[in-house]
Amino acid sequence: MTTVHIPLPSVLALAAILFCIGLYGALSKRSLIIVLVSLELMLSSVNINLVAFSQLGAFPNLRGQVFSLFTITVAAAEIAVGFAIVLAFFRFRKSADADDANSQKR
Amino acid sequence: MVHFFSHGDSLAFYVLALIILLSAMLFLQFRKVIYMALAMGAIFVGCAALFLLLGAVFVGIAQVMIYAGAITILMMFAIMLTNHEATESVSAFGIRKGLAALGAFLLAVILLFTIRATHWRQSLVVNTDTQHNVDKIGFMLFRQYTIPFELVSLLLLAALVGAVWIARQTKEEKQD
């Protein structure tokens, strides 16, 4: 048991800013890979929230950390399938830009 | 605000937050896709350091292994297998980028104001013992959360098989 002086609102603010940077990246970047990675950034910032509440919240317990482990696993599964789709799309269309993903025709 | 900086751990937190936000800014600034991937790796390592600082040892190490290790390398492979010379357009500010920036900025303002307006009750005494953290998470995963744990393993298997199935070369593509 140690005393921690990190203020909870600062951690939440960091996570909120990271989430918004991820949102901006996902909406504005052209490369499909970077869009997927921005989604990962958003998930990671949510993890910061979960861990912060689980350690610094009013009633600290480890449930938040277990949940963040599940989030990390699901994020890894999502990024694997996402990159597989990007690779298939690249072979199909010879491009990995989000702008080119607008029709199903070759 | 001044007395926050007088403690070692909160000073470390602010330095870490600065590093993470700087890497995120670099991520948005870079034009080459491969540099963006590197900046993202830096952000993930920073998040892992933050978890360790908060005393969440297991999650911090898992973050290093899965995000900073596996996902960053997977990112590099995906970039190398597709158009690895790809750059973001230099065109200053299209309508799409403007709207995206406006939306993200508005969301950030709303979130920050809400965080500021809420009164957070914080526990000042935190258990940062490594042994305790890892033991308890193990017990929780295998006693209380056994079924979700097994379901996640099923999901991982399905994702693995699905990824291989989606990314494989079909017969008609080989003939081209």
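Residues numbered from 1 in each chain as written. Chains lettered and ligands numbered in written order. Predicted model: local features only at pLDDT ≥ 70, side-chain atom pairs only at ≥ 80, totals over all residues. Heavy atoms only, no water.

(A) Quick peek at the UniProt feature "transmembrane region" (unreviewed entry) in chain B. Residues and elements named next belong to chain B. Per the UniProt entry, the sites bearing "transmembrane region" (unreviewed entry) are residues 12-30, 37-58, 64-82, 94-115 and 145-167 in this numbering. Helix makes up 91% of residues 37-58 and strand 0%. Its end C-alpha atoms lie 25 Å apart. Each end of residues 64-82 is marked by a C-alpha atom, and these two atoms are 26 Å apart; helix forms 95% of the span and strand 0%. (UniProt positions renumbered as here; feature names shortened; annotations may be inferred. Helix = DSSP H or I, 4+ residues; strand = E, 2+ residues; numbered from the N terminus.)

(B) How the structure looks around the UniProt feature "transmembrane region" (unreviewed entry) in chain A. All names here are of chain A. When the UniProt feature table is mapped onto this chain numbering, "transmembrane region" (unreviewed entry) sits at residues 6-25, 32-54 and 66-90. Along residues 6-25, the helical share is 90% and the strand share 0%, with 29 Å between the first and last C-alpha atoms. Overall, residues 66-90 shows 100% helix and 0% strand. The separation of its end C-alpha atoms is 36 Å.

(C) How the structure looks around the confidence of the model for chain B. Residues at a pLDDT of 70 or more form 88% of chain B, whose mean pLDDT is 86. Per-residue pLDDT, averaged within each element of chain B, yields its smallest value for helix H7 (residues 171-175) of chain B (66) and its largest for helix H6 (residues 146-167) of chain B (93). (pLDDT = per-residue confidence, 0-100.)

(D) Structural detail: the side chain of asparagine 133 of chain B. As for its placement among the helices and strands, asparagine 133 of chain B is situated in helix H5 (residues 130-144). Accessibility expressed as a relative area gives 2% for asparagine 133 of chain B, which makes it buried. Polar contacts involving the side chain of asparagine 133 of chain B include one to the main-chain amide nitrogen of phenylalanine 58 of chain B, which spans 3.4 Å. Excluding anything up to four places from it in sequence, asparagine 133 of chain B contacts Leu62 and Gln65 of chain A together with Gly55, Ala56, Val57 and Phe58 of chain B. (Buried < 20%, exposed > 50% of the residue type's maximum accessible area, 1.4 Å probe, protein only. Polar contact = N/O pair within 3.5 Å; in protein donor to acceptor, adjacent residues only side chain to side chain. Contact = heavy atoms within 4.5 Å.)

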